[in-house]
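Listed below, chain by chain, are the residues.
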Amino acid sequence: MADYAETARQVIEYVGGKDNIDNLVHCITRLRFRLMDDAKARPLGEFADIPGVIGCVEKGGQIQVIIGQTVTEVYEEVCQQAGIEEQAAIDENLDEEEMGAKKKFSVSAIFDVFTQVFAPIVPAFAGAGLIKGILTLLTTYGLMSADSGEYLILNAAGDCVFYFLPFLVAYTAAKRFKTNEIMALSVAGIYLYPTILSNAGNTITVFGMQVMCVKYASTVLPVLISVWLMSYLYKWIHKHCVEYLRVIVVPIVTLIVSAFVGIMFIGPVGYLLGMGLGNAFKTLFDVAPALGGLIDGFTRPLVIFTGMHMTMSTVMINNIQTLGYDMLGPVHAVSTMAAAGMCFGAFLRAKKPENRESSFSAFISAFIGITEPSLYGIAMRFRRPLIAQMVAGGVAGAFVAAAGAKAISFAMPSIISLPVYAGSIPTMLIGFAISFVLAAVLTYVLGFDEGIEKDERALEAEKKAIKVGKR
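Fair warning: this is a prediction, and the values are worked out from it, not measured in the lab. (Residues numbered from 1 in each chain as written. Predicted model: local features only at pLDDT ≥ 70, side-chain atom pairs only at ≥ 80, totals over all residues. Heavy atoms only, no water.)

Asks: What is the right way to read the packing of helix α7 (residues 165-177) against helix α8 (residues 181-191) from this model?
Replies: The geometry of a pair of packed helices is captured by two quantities: the angle between their axes and the separation between those axes. The geometry of α7 relative to α8 is characterised by a closest axis approach of 8 Å and an angle of 150° between their N-to-C directions. By the angle between their directions, the pair α7 and α8 is classed as roughly antiparallel. Pair α7 / α8 crosses with right-handed handedness. Every residue of α8 that contacts α7 at Pro166, Phe167, Ala170, Tyr171, Ala174 and Lys175 is listed here: Glu181, Ala184, Leu185, Ala188 and Gly189. A class-by-class count of the residues in the contact of α7 with α8 yields 8 nonpolar, 1 polar and 2 charged. (Axes fitted to C-alpha atoms, helices over the stretch in contact; angles between N-to-C directions. Helix = DSSP H or I, 4+ residues; strand = E, 2+ residues; numbered from the N terminus. Parallel < 35°, antiparallel > 145°, perpendicular 65-115°, else oblique. Left-handed = near helix turned anticlockwise from the far one by under 90°. Contact = heavy atoms within 4.5 Å. Nonpolar A, V, L, I, M, F, W, Y, C, P; charged D, E, K, R; others polar.)

And the structure:
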């Protein structure tokens, strides 16, 4: 049995003692220290000598001690021994902000915001999207009537996530921007208020200005921008208002300002931006669908590697809201199948038992849509299989795009989400076959150097893989 107390004692010693710890938080795998004096800590390479410690790295001004799945237990012991107040685990992507580093504006920071806002909503998207796809198949083939009570209830279950998406975005955005969640939900409620929705398509006069009313159900950008601005407004009012009036003044001013600024400016601008984005992709896939599918499918692994794929989820949801369908989902789905094919090819080619086992586990995971083990454990580790995955994803992506495959709802890009491609299922099945076979064959033919060791990201990603056989 692991001795967490001893591991914690040695970690404290190696970072220079408890008096050298300025701040300590943890994520799902690491203890993240900000030290008073980094020079007092042991060399990073020595941390791996501590029982229960995988290694140590320096990143963003932090000393990050890599523990793994038992990080929570070790964290509790460190806090107890060092007299540090325990905090909840932080998001893996919020290192610098949580540790007090200065925020910097960059394109990468914008992508991070989208990722952190949408990642918690993805499971709800996946379930609701599949329900909508299954309902479409049932009604299309006459297995269920659209007038039945069963359809009414299932349709509500499948549609609620998308219709009330502004509420979900408001909540996760409030968590990301560290502002009041209830006020953020109230701001979303302004956009979804019945009289606002009933005037969609009309103009109203506000202070002598003509304002376009928009149907904000299922929209993303208006409420995201509104909550971002609200986070600054709420903080400013709270800071400058006398304490005994805050409970009244802060919510009143926040709601009034958010309502007028949102409905008059942010809402229409955000809606038009979303429309423009959707039409841009529509134009590309209308004019040169094969090229669009080729580029999207070919670059998909790199997009996931850089963490930008969650931003694309925003685009896909926006496409469904503005166009009634999405053309990127089918491409992403066949790209995911390319990851499965790559892993299967690696399984057939590998000689070492441990590589065959990890490849097959990654294959099973990728087949149902979990691609991190394949990306970090196979593609990025061995490099040449990555080429196979990109080529297969690009070719299959060009095929499904040229054939006009569409998704009627947002769902996780995998074969288990097949119902959301109702109307394009035969095309998708062919695309899956092309992607899988081509990736497997290319991976086998290109081969790879089995002597390349797994890096840290590969080891962490492998934990998500579905295990097969005995270990």
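That covers the picture; the talk isn't over yet.
Asks: Explain the pattern of salt bridges to me, please; I cannot follow it from the model alone.
Replies: A side chain of one charge can pair with a side chain of the opposite charge if their charged atoms are brought near each other. Under the criterion given, the structure shown has 7 salt bridges. Residues Arg9 and Glu13 are paired through a salt bridge, measuring 3.4 Å at the closest nitrogen-oxygen approach. Highlighted residues: Arg9 and Glu13, both in helix α1 (residues 4-14), separated by 4 residues, approximately one helical turn. Linking Glu181 and Lys175 is a salt bridge whose minimum nitrogen-to-oxygen distance equals 3.8 Å. It is possible to trace a salt-bridge network through shared partners that takes in Glu6, Arg9, Glu13, Arg42 and Glu46. (Salt bridge = Lys/Arg side-chain N within 4 Å of Asp/Glu carboxyl O.)

Asks: How should the sheet that holds strand β1 (residues 21-26) be read in this particular structure?
Replies: By definition, the strands of a sheet pair up through backbone hydrogen bonds, in either a parallel or an antiparallel sense. Reading across from one edge, β1-β2-β4-β3 is the order of the 4 strands in this open sheet, with antiparallel pairing throughout. Looking at strand neighbours, the two that pair on one side only are β1 and β3 (55-59), the edges of this open sheet. Between one strand axis and the next, the sheet turns by 25° as a mean value, whatever way the strands run. Of the strand pairs in this sheet, β1 and strand β2 (residues 30-35) are connected by 5 bridges, and their pairing is antiparallel. (Pairing = 2+ DSSP bridges.)

Asks: So what exactly am I meant to see when it comes to the packing of α8 against helix α10 (residues 221-240) here?
Replies: At a minimum axis distance of 10 Å, the contact between α8 and α10 shows a crossing angle of 135°. Between α8 and α10, the angle falls in the class oblique. Here α8 runs over α10; the crossing is right-handed. Contacts from Met183, Ala184, Val187, Ala188 and Tyr191 in α8 reach Pro222, Val223, Ser226, Val227, Met230 and Tyr234 in α10. Across the contact of α8 with α10, the residue classes break down as 10 nonpolar, 1 polar and no charged.

Asks: I'm lost on a nonpolar patch on the surface in this one. Help?
Replies: Among the surface-exposed residues, Leu291, Leu294, Ile295, Phe298, Ile387, Val391, Val395 and Leu446 lie close enough to one another that they form a single nonpolar patch of about 620 Å² accessible area. Breaking the nonpolar patch down by element, the ones donating at least two residues are α12 (289-306) and α17 (384-402). Take the nonpolar patch: its biggest share by element is 4 residues, from α12. Note on placement: Ile295 falls in helix α12. (Patch = residues over 30% accessible without salt bridge, like charges linked within 9 Å, V, L, I, M, F, W, Y side chains within 5 Å. Areas by Shrake-Rupley, 256 points an atom, 1.4 Å probe, with all protein chains shown as cover.)

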